[in-house]
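Spelled out from the first residue to the last, the chains are:
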Amino acid sequence: MGRALREQLPRGQHHQFTMKPRRDDLLAQLKAAVAGRRSDLLAIRWRRMAVSPFAFFRGAAAIMAADLGRLPTSGLEVQACGDAHLLNLGAYAAPDGHLVFDLDDFDETCRGAFEWDLKRLAASFAIAGREAGYKDKVCAAAVRRMVRTYRESLTLFSEMRVLELVRFEITPRSTGKLLAPIFEHAARDTARGLLKKATSPDREGFAKFHNRPPLLAALRAADANRVLGALPAYRATLAPGRQQVIDAYAPWDVAFKIAGIGSVGVELYLVLLFGNGPGDPLFLQLKEQDAPCWKPYLRRSKAYAKLHPHEGRRAAEGQFRTQTVADPFLGWTQMGGKEFLVRQWSDHRATLELSMLTQHALDDYSTLCGQVLAKAHARTGDAARLSGYCGSNDHLDSAIARFALSYADQTEVDHALLRRAIKAGKFRS
């Protein structure tokens, strides 16, 4: 059945992408993607996107959604990450404390075409590889290796018993030396470490978040109480055993934070809680969730509101479906008419640094990412049909590699256009 879908969209056609001579339409798209966000913070977003083509790419998921959403697809749907670039995979702690490596960003998750994730991940390797100084031949080889591993992993997963696939995880043991620095960083990234990094004692000796606006800012009492007032609704989204744990922690301080590139402008709050004394901190992050950038292109877009009445729940449930193990404190809430995803803040989390991308690391990391993406898609889609469509030869590998280089060209053009617009004063907010 998967092979039959090649008649609808031959694998070789996935290379198709026509460079677009964008001007004011790109600027309008960028601004439309952040409608409703805090306008006083958007200048930070534009500056961060202007740093490099890869930084632009990270903040331009909505642009890529518009580029890909209208293209033909195979019809094979999965729980798409929606923003599957190479820095949105990372290490984090499972509930029992052991470290795993998986997809770790679900703001844009939705039920959509598997090609969307595969192409965004592929383009990220081409763009980041160029930024690291590699020629297109090297970047294309890394993409082909990623897609080949994706195909081969799908075949493996399609033959697994369901419970084997459900339990399959990538750990320090299974990744060798490649991810050693990431896992070492994650092992050090404890709540106690965050307490030293993000807080300082006040006059009475109690821990308070640093007040370093706009990146990390203290809240007025009324705003802090509004955030704390959203916690009971969040608690109700947890399983009874987790409710028992969260009940043992008391909130102590709240702050506003700016994080990343694509998330700049949304409301994002940190809550510091303490359990069994001052040596037992817990950090929660409440992050406002917009509709995913793929919404206009979903097969059931007209029924979207009925299918996803709460954007925080959409993001949380997408994460639960995709990851082998998820944050035990993952949930959702609402505040002031807005919907939020709630999770632990940076609990044993770490990801790749672009400075780590030697040519050998680029090859190995692309292989690993192909396996991780295949696992996510096999868990949430039909692994056998996906495997049948992707096939056992390199037709898809070559097509996606050609696409990735074309999209890297487009991203470089778009990045330059944004820089010119900022210089001309068109992107001050």
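What this report covers is the structure whose coordinates are included nearby. (Residues numbered from 1 in each chain as written. Predicted model: local features only at pLDDT ≥ 70, side-chain atom pairs only at ≥ 80, totals over all residues. Heavy atoms only, no water.)

### Section: the pairing of strand β9 (residues 268–274)
So, step 1. Judged by how many residues are buried, β9 sits mostly within the fold: 7 of 7 residues are covered.
So, step 2. Every second residue of β9 is oriented toward a common face, with L268, L270, L272 and F274 on one face and Y269, V271 and L273 on the other, all of them buried.
So, step 3. One ladder, built from 6 bridges, connects strand β8 (residues 250–257) with β9; its direction is antiparallel. Bridge pairing in β9 links F256 to Y269.
So, step 4. Looking at chain direction, β9 and strand β10 (residues 281–288) are connected through 7 bridges and run antiparallel. Bridge assignment links L272 to a residue of β10, and that residue is F283. (Buried < 20%, exposed > 50% of the residue type's maximum accessible area, 1.4 Å probe, protein only. Helix = DSSP H or I, 4+ residues; strand = E, 2+ residues; numbered from the N terminus. Pairing = 2+ DSSP bridges.)

### Points about the side chain of E108
So, step 1. Counting through the fold element by element, E108 comes out in the loop between β3 (99–103) and β4 (110–113).
So, step 2. For the buried E108, which has no salt bridge, the nearest side chain bearing the opposite charge is R37, at an N-O separation of 5.5 Å.
So, step 3. Reaching out from E108, the side chain makes a polar contact with the backbone nitrogen of C293 at a distance of 2.7 Å.
So, step 4. With residues near it in sequence (within four places) discarded, E108 still touches C81, G82, D83, A291, P292, C293, W294 and R314. (Lys, Arg positive; Asp, Glu negative; His and termini not counted. Salt bridge = Lys/Arg side-chain N within 4 Å of Asp/Glu carboxyl O. Polar contact = N/O pair within 3.5 Å; in protein donor to acceptor, adjacent residues only side chain to side chain. Contact = heavy atoms within 4.5 Å.)

### Focus on the packing of helix α4 (residues 61–69) against helix α5 (residues 114–131)
So, step 1. At a closest axis distance of 11 Å, the pairing of α4 and α5 adopts a crossing angle of 125 degrees. By the angle class used here, α4 and α5 are oblique. By crossing handedness, the relation of α4 to α5 is classed as right-handed. Each of A61, M64, L68 and G69 in α4 lies in contact with α5, whose residues at this interface are W116, K119, R120 and A123. (Axes fitted to C-alpha atoms, helices over the stretch in contact; angles between N-to-C directions. Parallel < 35°, antiparallel > 145°, perpendicular 65-115°, else oblique. Left-handed = near helix turned anticlockwise from the far one by under 90°.)

### Structural notes on the sheet that holds strand β7 (residues 216–218)
So, step 1. Pairing within the open sheet is antiparallel, and its 6 strands lie in the order β7-β8-β9-β10-β12-β11. Since the sheet does not close on itself, it has two edges, and those belong to β7 and β11 (331–335), each with one partner. With direction set aside, neighbouring strand axes in the sheet form an average angle of 35 degrees.

### So, the nonpolar core
So, step 1. In terms of nonpolar packing, the biggest core is built from 90 residues, with L30, F114, L118, L121 and Y150 touching the most fellow members.
So, step 2. For this core, the element with the highest residue contribution is helix α18 (residues 395–423), accounting for 11 residues.
So, step 3. In this structure, Y150 is in contact with F114, L118, G370, L373, A374, H377, L386 and C390, ignoring residues within four places of it in sequence.
So, step 4. Of all hydrophobic cores here, the second largest spans 24 residues; its members include A230, L238, F256 and L282. (Core = buried A, V, L, I, M, F, W, Y, C linked by side-chain atoms within 4.5 Å.)

### Some remarks on the environment of R343
So, step 1. Take R343: it is sitting in strand β12 (residues 338–344).
So, step 2. Taking C-alpha positions, R343 is 6.8 Å from D327, a pair spaced 16 residues apart along the chain.

### A short note on helix α10 (residues 191–198)
So, step 1. Within the span of α10, buried status applies to L194, L195 and A198. Buried residues in α10, looked at end-on, bunch into an arc of 110 degrees, giving them a common side. Of the exposed residues in α10, those oriented more than 90 degrees away from the buried face are R192, K196 and K197.
So, step 2. Of the surrounding elements, those touching the buried residues of α10 are β5 (199–201), β6 (207–209), β7, β9 and β10. (Arc of directions from axis to C-beta.)

### Let's talk about unusual backbone geometry
So, step 1. Going from P213 to P214, the amide bond is cis rather than trans, its omega being 5 degrees.
So, step 2. In this fold, P214 is placed in the loop between β6 and β7.

What is shown is where atoms sit, not what they do.
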